[in-house]
Amino acid sequence: MKNGWSGLNESSGFSKGREKLLLDLLKKATDFYEDIVGILSGIYELSEYVRKGSPEDEFYSYIVQVLIRESRCENASVFLVEGDRVVLKAAAGVDFPEDAPAVSMELGEGVAGICAREGRPILAPDVHECRYFKEFPGSRVHIGSMLCIPIKDAKTTFGVLNLSHSQNNFFNFHYQRVFELLGLLVGQMLTLIHISSIFQRKNLDLNELLLQKDESLRNLTESYKTVVDASEDVIFILGRDDAVTFCNQRLVASLGKVPERIQDMFEGDMVECIRAHRSRMQPGQFLDFERTVTFGSATGVVGQFFIKCLSRDSALVMMRDITARRRLEQRAMQTEKLTSLGLLTSGIAHELNNRLTPILGFADLINARRLGERDRKRLSVIINAADSAKSIVESLLKFSRNKPPEKAVFDMRDIIRRTVSLYTPTVRKRGIRLLADEGNEPLLVKADMNCMEQVLVNFINNAIDAIDNQTGTIRLSARRCDNSVQVCIEDSGPGIPEEIITRIFDPFFTTKAKDKGTGLGLSICYGIISDHKGEISLENTGHGALARIRIPAMTPDIHQERMETGAGAPSAPQDEPESSVRSTIMVVEDEEDLMELMVDTLSPFYEVETFSNGKQAFDHLEDRRWELIISDLRMPVMDGMELYLAAVEKQPRLKKRFLFITGDTYDLQVKEFFEKTGAVFLRKPFRIKELKDVVYRQLHDR
Ligand SMILES: Nc1ncnc2c1ncn2[C@@H]1O[C@H](COP(=O)(O)OP(=O)(O)OP(=O)(O)O)[C@@H](O)[C@H]1O
Ligand SMILES: [Mg+2]
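Quantities reported herein were computed from a predicted structural model and do not represent experimental measurements.

Rules behind the numbers
- Residues numbered from 1 in each chain as written.
- Chains lettered and ligands numbered in written order.
- Predicted model: local features only at pLDDT ≥ 70, side-chain atom pairs only at ≥ 80, totals over all residues.
- Heavy atoms only, no water.
- Helix = DSSP H or I, 4+ residues; strand = E, 2+ residues; numbered from the N terminus.
- Rg over C-alpha atoms; globule rule 2.2 N^0.38 Å.
- Buried < 20%, exposed > 50% of the residue type's maximum accessible area, 1.4 Å probe, protein only.
- Contact = heavy atoms within 4.5 Å.
- Areas by Shrake-Rupley, 256 points an atom, 1.4 Å probe, with all protein chains shown as cover.
- Lys, Arg positive; Asp, Glu negative; His and termini not counted.
- Charge placed at Lys NZ, Arg CZ, Asp CG, Glu CD.
- Near = heavy atom within 4 Å.
- Polar contact = N/O pair within 3.5 Å; in protein donor to acceptor, adjacent residues only side chain to side chain.
- Nonpolar A, V, L, I, M, F, W, Y, C, P; charged D, E, K, R; others polar.
- Salt bridge = Lys/Arg side-chain N within 4 Å of Asp/Glu carboxyl O.
- Domains from an automatic or database assignment.
- Buried area = accessible area lost by both parts, 1.4 Å probe.
- Patch = residues over 30% accessible without salt bridge, like charges linked within 9 Å, V, L, I, M, F, W, Y side chains within 5 Å.
- Pairing = 2+ DSSP bridges.
- pLDDT = per-residue confidence, 0-100.
- Axes fitted to C-alpha atoms, helices over the stretch in contact; angles between N-to-C directions.

Comments concerning the overall build of the protein chain
Check the secondary structure of the protein chain and you find 17 helices and 23 strands. Relative to the globule expectation of 27 Å for 702 residues, the C-alpha radius of gyration of the protein chain, 57 Å, shows a markedly less compact shape. Going through the 702 residues of the protein chain one by one, you find that 42% of them count as buried. Excluding contacts between residues fewer than 6 apart, the proportion of contacts in the protein chain whose partners are at least 24 apart in sequence is 60%. Taken as a whole, the protein chain presents about 39,200 Å² of accessible surface, with 53% of it coming from carbon and sulfur. Averaging the locations of the 91 positively and 103 negatively charged side chains of the protein chain gives two centres separated by 3 Å.

Brief notes about the environment of K429
Following the sequence through the fold, K429 ends up in helix α10 (residues 412-429). Owing to a relative accessible area of 77%, K429 belongs among the exposed residues under this scheme.

Comments concerning the site of ligand 1
Neighbouring ligand 1 are 20 residues, the closest being T510, T511, K512, T518 and L522. Between ligand 1 and the protein, one listed contact pairs an oxygen atom with a side-chain N or O atom of N462 at 2.8 Å. When isolated, ligand 1 has an accessible area of 590 Å², and the protein chains bury 90% of it. Contributing elements (two or more residues each) for the shell around ligand 1: α11 (449-467) and α12 (521-531). Looking at the shell around ligand 1 residue by residue, the class counts come to nine nonpolar, eight polar and three charged.

Regarding the pattern of salt bridges
Oppositely charged side chains are able to pair whenever their charged atoms sit close together. Evaluation of the coordinates by the stated rule reveals 43 salt bridges. R687 is the salt-bridge partner of D364, the closest N and O atoms lying 2.9 Å from each other. Of this pair, D364 sits in helix α8 (residues 323-365) while R687 is found in the loop between β23 (680-683) and α17 (688-700), placing the two residues 323 residues apart along the sequence. Given the relative accessible area of 25%, D364 is considered partly exposed. Put simply, R687 and D387 hold a salt bridge, and the shortest N to O gap is 3.5 Å.

Some details on unusual backbone geometry
Omega for the bond connecting K684 with P685 falls within 30 degrees of zero, at -15°, which places this linkage in the cis form. The backbone of D482 sits at a positive phi, close to 55°, despite the residue not being glycine. With respect to the helices and strands, the residue D482 is situated in the loop between β15 (472-481) and β16 (484-491). Residue V637 is not a glycine yet carries a positive backbone phi of 65°.

Remarks on the domain arrangement of the protein chain
How big an interface is tends to be stated in terms of accessible area lost as the parts join. The domain architecture assigned to the protein chain consists of domain 1 (4-197), domain 2 (231-321), domain 3 (329-400), domain 4 (408-552) and domain 5 (584-700). For domain 3 versus domain 5, the separation of C-alpha centres amounts to 21 Å. Contact with domain 3, which involves 17 residues of that partner, is made by 15 residues of domain 5. Overall, the association of domain 3 and domain 5 removes approximately 1,500 Å² of surface from exposure, summing both partners, and the carbon and sulfur fraction of that is 62%. In terms of surface lost to domain 5, no three residues of domain 3 exceed T357, F362 and L365, which account for 32% of the buried area on that side.

Quick look at a negative patch on the surface
Negative charge collects at one region of the surface, where E592, D593, E596 and D600 lie side by side. Assignment of secondary structure puts D600 in helix α13 (residues 592-602).

Description of the environment of L344
Relative to the elements of secondary structure, L344 occurs in helix α8. Given a relative accessible area of 56%, L344 falls into the exposed group.

So, the pairing of strand β10 (residues 298-311)
Bridge count between strand β9 (residues 286-295) and β10: nine bridges; the pairing is antiparallel. The residue bridging V293 from the neighbouring strand is V301, located in β10. What sits between β9 and β10 in their antiparallel hairpin is a turn of two residues, with G296 showing a positive phi close to 60°. Between β10 and the antiparallel strand that follows it, strand β11 (residues 314-321), lie two residues.

Digging into the confidence of the model for the protein chain
Detailed reading of predicted coordinates is not advised where the pLDDT is low. Per-residue confidence for the protein chain averages 85 on the pLDDT scale, and 91% of its residues sit at or above 70. Across residues 1-8 the pLDDT falls below 50, and counting only partners more than four positions away or on other chains, this stretch makes 18 contacts in the model. Throughout residues 556-569 the model reports pLDDT below 50, and contacts reaching past four residues in sequence, or to other chains, amount to 11 contacts.

Overview of the sheet that holds strand β21 (residues 628-632)
Strands sit in the order β20-β19-β21-β22-β23 across an open sheet of five strands; the sheet is parallel. The sheet terminates laterally at β20 (607-611) and β23, the two strands that pair on one side only. Recorded for the sheet is a direction-independent mean angle of 20° between the axes of neighbouring strands. As defined by bridge partners, β21 adjoins strand β22 (residues 658-662) across four bridges and the pair is classed as parallel. Within the sheet, the bridge partner assigned to I630 lies in β22 and is L659. Set on the sheet, α13 makes contact with β19 (584-588), β20, β21 and β22; between it and β20 the angle comes to about 170°. The strands touched by helix α15 (residues 640-650) are β19, β21 and β22; relative to β22, the strand with the most contacts, the crossing angle is about 170°.

Thoughts on a nonpolar patch on the surface
A cluster of nonpolar side chains, namely L344, I348 and L352, defines an oily patch on the protein surface of about 270 Å² accessible area. Along the chain, L352 turns up in helix α8. Looking at L352, the relative accessible area reads 38%, which means it is partly exposed.

Right under this line is the structure:
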């Protein structure tokens, strides 16, 4: 190849010489042909490399290796343009060391720099005659001729392909054309690699993004799940055919299992109700409603429901258990109703007491011994009637719960046993079994025994009435429950109709015939248990009704009950001897009848002066040395309590010389007043003997 194609002209004219020339030419043509085939096969290898999406970095060493292997070039190298320099990226060939030093030059410097800057091939058949050629200091590559081809696409020159051979004239114009095309192809390949690497990077970025999104989605799902699981509400999603496709922890915990279908949670009518709502709802629509349901094994659960149609085949259902809230509200309502009714009742009772006191008092004052037989009988009728009116007023007060419970410590089991043995004969006759399971453990409470008995009797009566004339069972059970004693009364009657369940504790609410029920039973029980700081409920079990009563169990209590004025105290002698110095008593009362009664009763024994209100009495406080001030509590101008405070302030010795006559001892303010001052009182209506006794004690027991 030394002489190139030009050798043909020089050897014409000699047949032997011509033959040699022809052979020479043939050899050159064959070499060139083989080089072309080699380069073509190299191009194929390179395009395969690109097709497989191999990395750009290794592409350059691949190019030089392919060229060295497939063509007869001795050395090949690739320089890339980086800013204003060309940098050696890969080199291979006979003279290149394994680890080629880092080589770079400025754009426009040396053959590679010119080629890269101008984007045109540079052929140097004899490098020594090439003005651009610049040997690298210390290079061991022996170069005779070289060809430098730009690697480029239509717009940009990326770098150069540098080929060299130790022979001069090894490269000629034909090689230049072939390699020029190779440079363009490599440029296209590089563009492709570049684009594909951009795609790969984007793909990696996208994958990374996808992973991140995946991760944050997982975290978000976890957070939602935690929130949904921690919710106090029961939450689930219904799919087709009532299938439960999702449910929260709360639901699983309350139910004790993972439900597969809605029927695993609710009974038939609720299942129907949810189905009916779903069938009417469009995606996105929602509704809420309240309903008492049986949820798993829990009956009487008041649920606040929220249903949202998510799609044609799925709906979100949430149930908030508001049983306790409703119970509290009902209790508050009940207490309110009873309070207002109690106020009315106690007002009536107060008025009746005021009227009854003189009736009973004057009847007592009439000396029966001086009367004839008929009048004596008439008098006793008056006294008996007034006495029974007094006990009616007592029971009215009991209903209004103005009377504080008279508490004592006892074992609840005793009351249960007593009530059961009292009722056993009655229920047996009706074919009802009365069973009691009061346990073996003492159930001590500090309560009003009569009231507790009254509560049990009320519930047992209700249970007997509910079972009606059928056979059935009433079960009483009692046990200690945390700090309370719980008594349950369960019957096998028909239960309470749903439509009246919210009214059964209302006073005067009854479903019974006029002569059978007043409708006060449950409201009295309610009042009693509330007074004992307890809880009471009546609900359906599905096969009857179940009443639950809870009152605090007894805890050691050193509370000292205040001494009552009556029992065990000394009484006045039948006829108090008139002493030479009679005690002075001030009577303060606005009711004339009552005033007269007290004067009639006390004046034979004491020096009595009367005043019709607190102010009058106070104005005469200094008139005499009063031994006792008997005062009504409620009076116009200045009431008894105001009189007490003003009088004691002026004369502290009067602190123990007050006796109040009142029908209001159950009023909260009055109760507080007595508790605070320790003042003594007598309840209206009173009998004459009671009045005499307490006055006597007040004067003598200081
Ligand atoms: N165990 C029960 N089973 C079914 N219904 C009951 C039961 N207990 C009470 N009820 C219903 O509650 C209503 C109110 O009861 P409550 O005890 O207050 O009054 P009463 O029994 O009707 O009359 P009273 O107790 O004054 O004689 C009853 O009329 C009845 O309809
Ligand atoms: Mg009743």
